[in-house]
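# Descriptive structure summary
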Amino acid sequence: MRALTFQAPRAISLESIPDPRIEHPRDVVLRMQLGAICGSDLHVYRGHETGLDVGTVLGHEFLGEIVEVGAEVETWKAGDRAVSPFSSSCGSCSFCSCGLTSRCSNGAVYGWVAKGEGLQGAQAEYIRVPFADASLVAVPDDHPAEEVLLIGDILSTAYFCAENGGVQNGTSTCVLGCGPVGLLAIQAARELGAAPLIAVDAVPERLELAERFGALPVSFERDDPHAFVARHTDGRGVELVLEVVGNAAAGRLAYDLVRPGGTISAAGVHNEEHFPFSPGAAYDKNLTYKAGRAPARHYMERMLGLLRKKRLDISPLLSHRLPLGETVRGYEIFDNKLEGAIKVLIEP
Ligand SMILES: NC(=O)c1ccc[n+]([C@@H]2O[C@H](COP(=O)([O-])OP(=O)(O)OC[C@H]3O[C@@H](n4cnc5c(N)ncnc54)[C@H](O)[C@@H]3O)[C@@H](O)[C@H]2O)c1
Ligand SMILES: [Zn+2]
Ligand SMILES: [Zn+2]
């Protein structure tokens, strides 16, 4: 099959590799129908997140048709259409049982193989899915696949980030980062009642979308986010920062914008060694810091319900739809935010 493989930072290539096979009786093999490039793929692509084996197939957002079924799979048969969370989960360990499926004792993130261990990714024609009964969700025929795809990662992540931060009616909230995840976090925070709702980025078309989704936009390059937040919060700072960027500068800005007693909920993936603020600084603000990999599997059915109620505005995010053969270009435009790229979908 054809698959997008990691060779070195900024060196990814479409290779011909053997098709995946059933390796365990609870596996299925799925033929990709729709995938995407995630901001998390960019950490590897940019060389900020290291340790990945050369030749690893990248990507972790996918839906498609089941083509092969392991002997112990009960709920799926060949021909069924399913969407996957971005990490596998067994459904029965203690972490799965309490809803923290992203920390499943038997789970792993797709598209991450290190020292030969891990799961191959989804930017390919086929993918092996472990624990298929526990992890896959059926794709309804009567809802656009490109919306359903997002429940497996970025929509669930956005809700997780907002709920982890404890957004309630009237929670003053600032979303840092208006990429695909941030723009959905803005919608999640708005739905949960955040007010005022402020959004920070520097990319004009992303800030325009943030405003369209109900946030007060501010550029961290052209304007002063501190002064802006102060103006909208009687000088106190926001109660909650949703940090959806994943770098030290954003981590520091989150600290600076949150008020004493406030919370930072970080969905951004960080690769730094240290926090960009000291333990003493955290003490001095009575800070609560929450973070982590979203338990997407735990959110997926609920997110599908939200999509079906048409409470969210998804289509403006879906800027590009490229064939698998153009995935390398897809990374270039998503990384550099060219051609108004927001979310880049991949169609094998
Ligand atoms: N926690 C999880 O489970 C999970 C799941 C999916 C994605 N993520 C992470 O979420 C983050 C966002 O993903 P995305 O797909 O939206 O990526 P993205 O790269 O498109 O979005 C990041 C945005 O942040 C903006 N930005 C950069 N520096 C900033 C700063 N100092 N202040 C404010 N904004 C700044 C960029 O202009 C960009 O628009 C990534 O770190 C990704 O790895 C985490
Ligand atoms: Zn992702
Ligand atoms: Zn588990």
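Cut-offs and rules
- Residues numbered from 1 in each chain as written.
- Chains lettered and ligands numbered in written order.
- Predicted model: local features only at pLDDT ≥ 70, side-chain atom pairs only at ≥ 80, totals over all residues.
- Heavy atoms only, no water.
- Axes fitted to C-alpha atoms, helices over the stretch in contact; angles between N-to-C directions.
- Helix = DSSP H or I, 4+ residues; strand = E, 2+ residues; numbered from the N terminus.
- Parallel < 35°, antiparallel > 145°, perpendicular 65-115°, else oblique.
- Left-handed = near helix turned anticlockwise from the far one by under 90°.
- Contact = heavy atoms within 4.5 Å.
- Salt bridge = Lys/Arg side-chain N within 4 Å of Asp/Glu carboxyl O.
- Buried < 20%, exposed > 50% of the residue type's maximum accessible area, 1.4 Å probe, protein only.
- Arc of directions from axis to C-beta.
- Donors = N, O, S within 2.8 Å, 3.2 Å for Na, K, Ca; no water.
- 1 Å grid on protein atoms, 1.4 Å probe; cavity = no way out; pocket = protein on both sides within 12 Å on 5 of 7 lines; lining within 4 Å.
- Points joined across faces, edges and corners; volume = space filled by probe spheres on them.
- Tetrahedral: all angles 85-135°; square planar, octahedral: opposite > 155°, others 65-115°.
- Near = heavy atom within 4 Å.
- Polar contact = N/O pair within 3.5 Å; in protein donor to acceptor, adjacent residues only side chain to side chain.
- Areas by Shrake-Rupley, 256 points an atom, 1.4 Å probe, with all protein chains shown as cover.

## Focus: the packing of helix H8 (residues 225-232) against helix H9 (residues 248-257)
- Axis separation between H8 and H9 bottoms out at 10 Å; the angle between their running directions is 30°. Classified by the angle their axes make, H8 and H9 are roughly parallel. You can see that H8 and H9 cross each other, and the crossing is right-handed. Each of Pro225, His226 and Val229 in H8 lies in contact with H9, whose residues at this interface are Leu253, Asp256 and Leu257.

## Details of the pattern of salt bridges
- Considering all chains together, one arrives at 19 salt bridges under this definition.
- Between arginine 128 and aspartate 27 there is a salt bridge, with its nearest N and O atoms 2.7 Å apart. Placement of the pair is arginine 128 in strand S8 (residues 126-129) and aspartate 27 in the loop between strand S2 (11-16) and strand S3 (28-37), with a sequence separation of 101 residues. By the burial criterion, arginine 128 is buried, and aspartate 27 matches it.
- Residue arginine 190 pairs with glutamate 191 through a salt bridge whose shortest N-O separation is 3.6 Å.

## Remarks on helix H7 (residues 204-212)
- Residues Arg206, Leu207, Leu209 and Ala210 constitute the buried set of H7. Down the axis of H7, the buried side of the element spans an arc of 155°, and every buried residue falls inside it. Facing away from the buried side of H7 by more than 90 degrees, the exposed set consists of Glu208 and Arg212.
- Of the surrounding secondary structure, the elements contacted by the buried residues of H7 are helix H6 (180-191), strand S11 (197-201), strand S12 (216-219) and helix H12 (327-336).
- Just past H7, the residue glycine 214 takes up positive phi, approximately 105°.

## Considerations on the coordination of the zinc ion (ligand 2)
- The protein atoms that coordinate the zinc ion (ligand 2) are Cys38 (SG), His60 (NE2) and Asp153 (OD), at distances of 1.8 to 2.3 Å.
- Read from N- to C-terminus, the donor residues coordinating the zinc ion (ligand 2) fall into the pattern C-x21-H-x92-D. Here histidine 60 is found in the loop between helix H1 (39-45) and strand S4 (62-69), whereas its partner aspartate 153 is found in the loop between helix H4 (145-148) and helix H5 (154-164), with 93 residues between them in sequence.
- We classify histidine 60 as buried; its relative accessible area is 5%.
- Overall, the relative accessible area of 5% leaves aspartate 153 in the buried class.

## Quick notes on the layout of surface pockets
- Counted as a void, the second largest pocket has a volume near 320 Å³.
- As for the second largest pocket, its lining consists of 17 residues, and the residues nearest its centre are Pro20, Arg21, Glu23, Gln120 and Arg128.
- Considering every element that reaches the lining of the second largest pocket, the biggest residue donor is S8, with three residues.

## A short note on the coordination of the zinc ion (ligand 3)
- Within the protein, the zinc ion (ligand 3) binds to Cys90 (SG), Cys93 (SG), Cys96 (SG) and Cys104 (SG); these donor distances fall in the range 2.3 to 2.4 Å.
- Metal-centred angles of 100 to 120° between the four donor atoms at the zinc ion (ligand 3) mark the site as tetrahedral.
- Donor residues for the zinc ion (ligand 3) sit on one chain with the sequence pattern C-x2-C-x2-C-x7-C.

## Observations concerning the site of ligand 1
- In the vicinity of ligand 1 there are 31 residues, among which Ser40, Asp201, Arg206, Val245 and Ala294 approach most closely.
- One of the side-chain nitrogen or oxygen atoms of arginine 206 is found 2.8 Å away from an oxygen atom of ligand 1.
- Between ligand 1 and the protein, one listed contact pairs a nitrogen atom with a backbone N or O atom of alanine 267 at 3.0 Å.
- In isolation ligand 1 offers 860 Å² of accessible surface; the protein chains occlude 93% of this area.
- Taken together, the elements giving at least two residues each to the shell around ligand 1 come down to H1, H6 and S11.

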